[in-house]
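Read off the chains here:
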Amino acid sequence: MDSVINLYEADLHCHTTASDGLLTPTELVHLAVELGLKGVAITDHDTIAGWKEAEVAGIDYQMRILRGIELSTEWQGKEVHMLGYFVDGASSYLDDRLRGLRKAREQRMLEILACLEALEIYISVGEVRKFVHGESIGRPHIAQALMERGYVRSISEGFDRYIGLGAPAYVPRYKLTPEEGINIIREADGVAVLAHPGVHRLEAGIPEWVEMGLQGIEVLHSGHKPEDEKRYRAIARQYNLLSTGGSDFHGEGIKPGVVLGGWGVPLDVLNQIRDLAQLNQHC
Ligand SMILES: [Zn+2]
Ligand SMILES: [Zn+2]
(Lines give C-alpha, C1' and ligand atoms only; values in the text may rest on other atoms or scores of the structure.)
(Ligands and ions follow the chains in the order given, each with its own letter.)
Protein backbone atom coordinates (compact mmCIF):
# COMPACT_ATOMS: atom_id res chain seq x y z
CA MET A 1 0.00 0.00 0.00
CA ASP A 2 1.36 3.37 -0.95
CA SER A 3 0.65 5.67 1.96
CA VAL A 4 3.47 8.14 1.44
CA ILE A 5 2.17 11.65 0.91
CA ASN A 6 4.55 14.32 -0.27
CA LEU A 7 4.38 17.20 2.14
CA TYR A 8 5.48 20.79 1.61
CA GLU A 9 8.07 22.50 3.80
CA ALA A 10 5.56 25.06 5.06
CA ASP A 11 1.77 25.09 5.32
CA LEU A 12 0.51 28.67 5.22
CA HIS A 13 -3.15 28.12 6.07
CA CYS A 14 -4.00 26.44 9.40
CA HIS A 15 -6.80 26.81 11.93
CA THR A 16 -6.54 26.01 15.63
CA THR A 17 -8.87 25.96 18.63
CA ALA A 18 -8.41 29.75 18.73
CA SER A 19 -11.13 29.67 16.04
CA ASP A 20 -12.80 26.56 14.62
CA GLY A 21 -9.92 24.09 14.38
CA LEU A 22 -9.78 20.93 16.48
CA LEU A 23 -6.13 21.10 17.59
CA THR A 24 -4.71 23.57 20.06
CA PRO A 25 -1.86 25.70 18.67
CA THR A 26 0.59 23.48 20.62
CA GLU A 27 -0.90 20.29 19.19
CA LEU A 28 -0.81 21.75 15.71
CA VAL A 29 2.87 22.65 16.01
CA HIS A 30 3.69 19.21 17.43
CA LEU A 31 1.89 17.57 14.52
CA ALA A 32 3.86 19.76 12.10
CA VAL A 33 7.08 18.65 13.80
CA GLU A 34 6.08 14.98 13.59
CA LEU A 35 5.35 15.38 9.89
CA GLY A 36 8.72 17.02 9.30
CA LEU A 37 7.42 20.44 8.28
CA LYS A 38 9.61 23.49 8.83
CA GLY A 39 6.98 26.21 9.00
CA VAL A 40 3.28 26.77 9.63
CA ALA A 41 1.09 29.86 9.48
CA ILE A 42 -1.61 30.27 12.11
CA THR A 43 -4.52 31.78 10.18
CA ASP A 44 -7.52 31.63 12.48
CA HIS A 45 -10.80 33.36 11.61
CA ASP A 46 -11.02 36.89 13.03
CA THR A 47 -8.54 36.28 15.86
CA ILE A 48 -4.82 36.29 16.51
CA ALA A 49 -5.19 34.55 19.88
CA GLY A 50 -3.43 31.38 18.72
CA TRP A 51 -0.11 33.01 17.78
CA LYS A 52 1.61 33.15 21.12
CA GLU A 53 1.01 29.55 22.12
CA ALA A 54 2.14 28.35 18.69
CA GLU A 55 5.31 30.44 18.89
CA VAL A 56 6.16 29.06 22.32
CA ALA A 57 5.52 25.49 21.10
CA GLY A 58 7.67 26.07 18.03
CA ILE A 59 10.79 27.34 19.82
CA ASP A 60 12.21 23.95 20.83
CA TYR A 61 11.79 22.58 17.33
CA GLN A 62 12.94 25.56 15.30
CA MET A 63 9.55 25.54 13.65
CA ARG A 64 8.92 28.82 11.81
CA ILE A 65 5.57 30.21 12.93
CA LEU A 66 4.02 32.73 10.59
CA ARG A 67 1.57 35.15 12.16
CA GLY A 68 -1.60 35.16 10.11
CA ILE A 69 -5.33 35.74 10.08
CA GLU A 70 -8.26 34.90 7.80
CA LEU A 71 -11.05 37.43 7.19
CA SER A 72 -14.33 36.58 5.43
CA THR A 73 -15.60 39.09 2.94
CA GLU A 74 -18.31 39.06 0.28
CA TRP A 75 -18.33 40.21 -3.31
CA GLN A 76 -21.17 39.74 -5.84
CA GLY A 77 -22.79 37.18 -3.55
CA LYS A 78 -19.63 35.10 -3.34
CA GLU A 79 -17.45 34.35 -0.33
CA VAL A 80 -14.05 35.98 -0.63
CA HIS A 81 -11.58 35.09 2.09
CA MET A 82 -8.53 37.24 2.71
CA LEU A 83 -5.45 35.93 4.45
CA GLY A 84 -3.27 38.46 6.20
CA TYR A 85 0.32 37.61 7.05
CA PHE A 86 2.61 39.47 9.45
CA VAL A 87 -0.19 41.76 10.59
CA ASP A 88 0.88 43.82 13.58
CA GLY A 89 -0.71 42.20 16.62
CA ALA A 90 -0.18 45.36 18.67
CA SER A 91 -2.29 47.50 16.33
CA SER A 92 -5.29 48.86 18.23
CA TYR A 93 -7.05 49.43 14.92
CA LEU A 94 -6.74 45.70 14.13
CA ASP A 95 -7.87 44.81 17.63
CA ASP A 96 -11.00 47.00 17.30
CA ARG A 97 -11.94 45.59 13.93
CA LEU A 98 -11.44 41.97 14.99
CA ARG A 99 -13.46 42.53 18.13
CA GLY A 100 -16.35 43.81 16.00
CA LEU A 101 -16.16 40.80 13.69
CA ARG A 102 -16.20 38.36 16.60
CA LYS A 103 -19.24 40.12 18.05
CA ALA A 104 -21.03 39.61 14.73
CA ARG A 105 -20.12 35.90 14.92
CA GLU A 106 -21.76 35.65 18.37
CA GLN A 107 -24.90 37.33 17.06
CA ARG A 108 -25.04 34.94 14.13
CA MET A 109 -24.74 31.95 16.45
CA LEU A 110 -27.81 33.13 18.39
CA GLU A 111 -29.76 33.57 15.16
CA ILE A 112 -28.81 30.07 13.98
CA LEU A 113 -29.92 28.57 17.30
CA ALA A 114 -33.26 30.38 16.95
CA CYS A 115 -33.68 28.94 13.45
CA LEU A 116 -32.89 25.48 14.76
CA GLU A 117 -35.45 25.95 17.49
CA ALA A 118 -38.06 26.68 14.84
CA LEU A 119 -37.16 23.25 13.43
CA GLU A 120 -37.70 21.80 16.93
CA ILE A 121 -34.00 21.30 17.46
CA TYR A 122 -33.14 22.60 20.87
CA ILE A 123 -29.45 23.39 21.36
CA SER A 124 -28.46 25.80 24.09
CA VAL A 125 -25.77 28.44 23.89
CA GLY A 126 -23.88 26.55 26.60
CA GLU A 127 -23.89 23.35 24.56
CA VAL A 128 -22.25 25.21 21.68
CA ARG A 129 -19.81 27.07 23.90
CA LYS A 130 -18.46 23.79 25.24
CA PHE A 131 -16.73 23.35 21.90
CA VAL A 132 -15.38 26.89 21.74
CA HIS A 133 -11.88 27.01 23.17
CA GLY A 134 -10.81 30.35 21.79
CA GLU A 135 -12.61 33.64 21.27
CA SER A 136 -13.91 33.16 17.74
CA ILE A 137 -17.12 31.17 17.48
CA GLY A 138 -18.06 29.48 14.20
CA ARG A 139 -20.55 27.15 12.61
CA PRO A 140 -18.36 24.05 13.14
CA HIS A 141 -18.93 24.55 16.87
CA ILE A 142 -22.71 24.42 16.36
CA ALA A 143 -22.30 21.34 14.15
CA GLN A 144 -20.31 19.67 16.92
CA ALA A 145 -23.15 20.37 19.38
CA LEU A 146 -25.67 18.95 16.89
CA MET A 147 -23.53 15.83 16.65
CA GLU A 148 -23.15 15.46 20.39
CA ARG A 149 -26.91 15.64 20.83
CA GLY A 150 -27.38 12.96 18.18
CA TYR A 151 -29.16 15.13 15.63
CA VAL A 152 -26.47 14.33 13.05
CA ARG A 153 -23.67 11.79 12.74
CA SER A 154 -20.98 14.08 11.38
CA ILE A 155 -20.08 17.73 11.12
CA SER A 156 -20.58 17.71 7.36
CA GLU A 157 -24.06 16.23 7.86
CA GLY A 158 -24.77 19.12 10.26
CA PHE A 159 -23.86 21.58 7.52
CA ASP A 160 -25.74 19.72 4.77
CA ARG A 161 -28.96 19.21 6.72
CA TYR A 162 -29.15 22.29 8.91
CA ILE A 163 -26.66 25.14 8.92
CA GLY A 164 -24.81 25.14 5.59
CA LEU A 165 -25.67 27.42 2.67
CA GLY A 166 -29.13 26.50 1.36
CA ALA A 167 -30.04 24.50 4.49
CA PRO A 168 -33.07 25.51 6.62
CA ALA A 169 -31.12 27.04 9.52
CA TYR A 170 -28.58 28.84 7.37
CA VAL A 171 -27.99 32.42 8.47
CA PRO A 172 -25.78 34.70 6.41
CA ARG A 173 -23.05 36.42 8.35
CA TYR A 174 -22.18 40.08 8.49
CA LYS A 175 -19.44 40.40 5.95
CA LEU A 176 -16.82 42.90 5.06
CA THR A 177 -16.21 43.89 1.46
CA PRO A 178 -12.92 42.63 -0.03
CA GLU A 179 -11.70 46.24 0.04
CA GLU A 180 -12.35 46.48 3.79
CA GLY A 181 -10.62 43.14 4.34
CA ILE A 182 -7.55 44.25 2.38
CA ASN A 183 -7.55 47.61 4.18
CA ILE A 184 -7.65 46.03 7.63
CA ILE A 185 -4.67 43.82 6.75
CA ARG A 186 -2.67 46.56 5.05
CA GLU A 187 -3.44 49.14 7.77
CA ALA A 188 -1.89 46.65 10.22
CA ASP A 189 1.21 46.41 7.98
CA GLY A 190 0.32 42.90 6.82
CA VAL A 191 0.51 41.19 3.45
CA ALA A 192 -2.96 40.54 1.97
CA VAL A 193 -3.37 37.25 0.11
CA LEU A 194 -6.55 36.07 -1.60
CA ALA A 195 -7.46 32.67 -0.10
CA HIS A 196 -8.63 29.70 -2.20
CA PRO A 197 -9.99 31.74 -5.17
CA GLY A 198 -10.76 28.54 -7.08
CA VAL A 199 -13.44 27.47 -4.62
CA HIS A 200 -15.73 30.32 -5.70
CA ARG A 201 -14.13 31.27 -9.04
CA LEU A 202 -12.98 34.75 -8.14
CA GLU A 203 -10.64 35.60 -11.01
CA ALA A 204 -12.85 38.47 -12.25
CA GLY A 205 -12.32 40.41 -9.02
CA ILE A 206 -8.56 40.08 -8.87
CA PRO A 207 -7.58 43.15 -10.97
CA GLU A 208 -9.53 45.57 -8.74
CA TRP A 209 -8.28 43.89 -5.54
CA VAL A 210 -4.71 44.30 -6.77
CA GLU A 211 -5.45 48.02 -7.12
CA MET A 212 -6.65 47.99 -3.51
CA GLY A 213 -3.44 46.43 -2.21
CA LEU A 214 -3.72 42.66 -2.68
CA GLN A 215 -0.21 41.19 -2.80
CA GLY A 216 -0.65 37.45 -3.19
CA ILE A 217 -2.88 34.56 -4.25
CA GLU A 218 -3.24 31.20 -2.52
CA VAL A 219 -2.53 29.00 -5.52
CA LEU A 220 -2.22 25.66 -3.73
CA HIS A 221 -5.19 24.77 -1.53
CA SER A 222 -7.02 21.59 -0.54
CA GLY A 223 -10.15 22.81 -2.35
CA HIS A 224 -8.35 23.53 -5.63
CA LYS A 225 -8.25 21.25 -8.63
CA PRO A 226 -5.09 21.01 -10.77
CA GLU A 227 -6.63 23.37 -13.34
CA ASP A 228 -7.27 25.95 -10.56
CA GLU A 229 -3.61 25.81 -9.59
CA LYS A 230 -2.62 26.42 -13.18
CA ARG A 231 -5.09 29.27 -13.67
CA TYR A 232 -4.22 31.14 -10.48
CA ARG A 233 -0.50 30.62 -10.82
CA ALA A 234 -0.73 32.29 -14.24
CA ILE A 235 -2.81 35.15 -12.82
CA ALA A 236 -0.34 35.62 -9.96
CA ARG A 237 2.48 35.88 -12.49
CA GLN A 238 0.49 38.30 -14.65
CA TYR A 239 -0.07 40.71 -11.77
CA ASN A 240 3.28 40.14 -10.11
CA LEU A 241 1.70 38.66 -6.99
CA LEU A 242 3.12 36.11 -4.58
CA SER A 243 1.92 32.54 -5.10
CA THR A 244 1.24 30.97 -1.72
CA GLY A 245 -0.24 27.70 -0.56
CA GLY A 246 -1.79 26.01 2.43
CA SER A 247 -4.05 23.13 3.35
CA ASP A 248 -6.76 25.03 5.33
CA PHE A 249 -6.21 22.43 8.01
CA HIS A 250 -8.96 22.30 10.66
CA GLY A 251 -8.43 18.76 11.95
CA GLU A 252 -9.62 15.45 10.55
CA GLY A 253 -13.05 15.63 12.22
CA ILE A 254 -13.92 18.92 10.54
CA LYS A 255 -12.22 18.65 7.17
CA PRO A 256 -11.64 14.96 6.50
CA GLY A 257 -8.70 14.18 4.22
CA VAL A 258 -7.13 17.64 4.54
CA VAL A 259 -3.65 16.73 5.73
CA LEU A 260 -1.40 19.28 7.40
CA GLY A 261 1.37 20.13 4.94
CA GLY A 262 -0.40 18.36 2.06
CA TRP A 263 -0.68 21.79 0.41
CA GLY A 264 1.87 24.47 0.99
CA VAL A 265 5.03 26.17 -0.18
CA PRO A 266 8.82 25.83 -0.01
CA LEU A 267 10.24 27.62 3.01
CA ASP A 268 11.62 30.39 0.83
CA VAL A 269 8.11 31.74 0.21
CA LEU A 270 7.93 32.54 3.92
CA ASN A 271 10.94 34.77 3.48
CA GLN A 272 9.37 36.45 0.48
CA ILE A 273 6.24 37.24 2.50
CA ARG A 274 8.36 38.54 5.39
CA ASP A 275 10.34 40.79 3.05
CA LEU A 276 7.15 42.16 1.56
CA ALA A 277 5.75 42.85 5.03
CA GLN A 278 8.89 44.76 5.92
CA LEU A 279 8.54 46.85 2.78
CA ASN A 280 4.88 47.54 3.66
CA GLN A 281 5.93 48.93 7.02
CA HIS A 282 8.03 51.53 5.32
CA CYS A 283 5.39 52.61 2.83
ZN1 LIG B 1 -11.37 30.31 3.87
ZN1 LIG C 1 -9.28 28.83 6.36
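Just above, that's the structure.
Heads up: these notes are all about the structure in this document.

Conventions adopted
Residues numbered from 1 in each chain as written. Chains lettered and ligands numbered in written order. Predicted model: local features only at pLDDT ≥ 70, side-chain atom pairs only at ≥ 80, totals over all residues. Heavy atoms only, no water. Helix = DSSP H or I, 4+ residues; strand = E, 2+ residues; numbered from the N terminus. Buried < 20%, exposed > 50% of the residue type's maximum accessible area, 1.4 Å probe, protein only. Contact = heavy atoms within 4.5 Å. Areas by Shrake-Rupley, 256 points an atom, 1.4 Å probe, with all protein chains shown as cover. Donors = N, O, S within 2.8 Å, 3.2 Å for Na, K, Ca; no water. Arc of directions from axis to C-beta. Pairing = 2+ DSSP bridges. Axes fitted to C-alpha atoms, helices over the stretch in contact; angles between N-to-C directions.

**Observations concerning the overall build of the protein chain**
Thought 1: Along the backbone of the protein chain there are eleven helices and seven strands.
Thought 2: Taking all 283 residues of the protein chain together, 52% fall into the buried category.
Thought 3: Taking as baseline every contact in the protein chain between residues at least 6 positions apart, the subset at least 24 positions apart corresponds to 71%.
Thought 4: About 12,900 Å² of surface is accessible on the protein chain, with carbon and sulfur atoms providing 50% of the total.

**Overview of the coordination of the zinc ion (ligand 1)**
Thought 1: Only E70 (OE), H81 (ND1) and H196 (NE2) from the protein reach the zinc ion (ligand 1) as donors, at distances of 2.1 to 2.2 Å.
Thought 2: Site description for the zinc ion (ligand 1): donor spacing in sequence, E-x10-H-x114-H.

**Some words on helix 1 (residues 25-35)**
Thought 1: Of the residues making up helix 1, those classed as buried are P25, L28, V29 and A32. Seen end-on, helix 1 carries its buried residues on one side only, within an arc spanning 95 degrees.
Thought 2: Residues of helix 1 that are buried make contact with strand 1 (10-14), strand 2 (39-42), helix 2 (51-59) and strand 3 (64-75).

**Focus on the pairing of strand 5 (residues 191-194)**
Thought 1: The two faces of strand 5 match: V191 and V193 on one face and A192 and L194 on the other face are all buried.
Thought 2: Pairing analysis gives four bridges linking strand 4 (residues 78-85) to strand 5, with the strands arranged antiparallel. The residue of strand 5 that forms the bridge with M82 is L194.
Thought 3: When strand 5 meets strand 6 (residues 216-221), the two strands line up parallel, connected through two bridges.

**Focus on the sheet that holds strand 1**
Paired through backbone hydrogen bonds, the strands of a sheet run either parallel or antiparallel to each other.
Thought 1: What the seven strands build is an open sheet, ordered 1-2-3-4-5-6-7; its pairing is mixed. Edge positions in the open sheet fall to strand 1 and strand 7 (242-246), since each of these has one partner strand only. Across the sheet, the mean angle separating the axes of adjacent strands is 35 degrees when strand polarity is ignored.
Thought 2: Seen against the sheet, helix 10 (residues 226-238) touches strand 6 and strand 7 and runs at an angle of roughly 160 degrees to strand 6.
Thought 3: Contacts between helix 11 (residues 267-281) and the sheet are confined to strand 1, strand 2, strand 3, strand 4, strand 5 and strand 7, with strand 3 contributing the most and set at about 70 degrees to the helix.

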